[in-house]
Amino acid sequence: MTTWQDFEQEAPDLAPAVRARFEANRHHVLATLRKDGAPRVSGTEVQFGGADLTIGSMYGAVKALDLQRDGRFALHSHPGDSSMAGGDAKVSGLAHEITDEAELTAYLADLPEAAPGPFHAFRLEPTSVVLTEVDGDELRIRIWQPGTPVREIRRR
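A brief look at the structure comes next. Only a predicted model underlies this, so the values are computations on that prediction, with no experimental measurement involved. (Residues numbered from 1 in each chain as written. Predicted model: local features only at pLDDT ≥ 70, side-chain atom pairs only at ≥ 80, totals over all residues. Heavy atoms only, no water.)

Focus: the side chain of Arg123
Selection rule: The helix and strand labels rest on DSSP assignments: H or I over at least four residues marks a helix, E over at least two residues marks a strand, and numbering proceeds from the N terminus. Note on exposure labels: buried denotes an accessible area under 20% of the residue type's maximum, exposed denotes more than 50%, and partly exposed covers the range between, all computed with a 1.4 Å probe on protein chains only. In what follows, residue pairs with any heavy atoms lying within 4.5 Å of each other are defined as contacts.
Within the secondary structure, Arg123 sits in strand β7 (residues 119–135). Judged by its relative accessible area of 14%, Arg123 is buried. Residue contacts for Arg123: discarding those within four places in its chain leaves Met1, Asp52, Leu53, Thr54, Leu94, Ala95, His96, Ile98 and Glu103.

The structure is reproduced here in structure tokens:
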């Protein structure tokens, strides 16, 4: 399983910029797959703890049920204002529910405030990370996938 820490080690120039986009705002957009395969988007918050990027969910929420059934996800950072300052970050991959008691205890210890009630927690395994930025009159798109160097695409 690839961790957020693996991404940081493989893409040391890209990882801080992507993390900054997710830390700049509290709320982000998570895409999951419904039972029939159609996409579902939900709001979510992210946490960085230890080697992992994680999300939590209210117990029994449809996004959690989606991830339990099919762990594929796409996560889009809050877009901020219209300036694209700092770029637009996206992470996709596989979500794994945290069920081990010791891991759940560590997850709870990393939260900024206590969970308000029963919850699900998921560790996100990144299989693709993309940062799109405006650079002068071009779009600069940096793409990482596990085990490969960061690719850069520029578009006018």
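Having seen the structure, we can now continue with the description.
Overview of the pairing of strand β8 (residues 138–144)
Here is the rule: Two strands pair if DSSP finds at least two bridges between them.
A large share of β8 lies buried, amounting to five of its seven residues. Judged from the seven bridges that link them, β7 and β8 form a sheet pairing that is antiparallel. Bridge pairing in β8 links Val134 to Leu139. Turn length for the β7-β8 hairpin, with the two strands adjacent in sequence and antiparallel, is two residues, and the turn residue Gly136 shows positive phi of about 65°. Pairing of β8 with strand β9 (residues 151–155) involves five bridges; the strand directions are antiparallel. Within the sheet, the bridge partner assigned to Ile141 lies in β9 and is Ile153.

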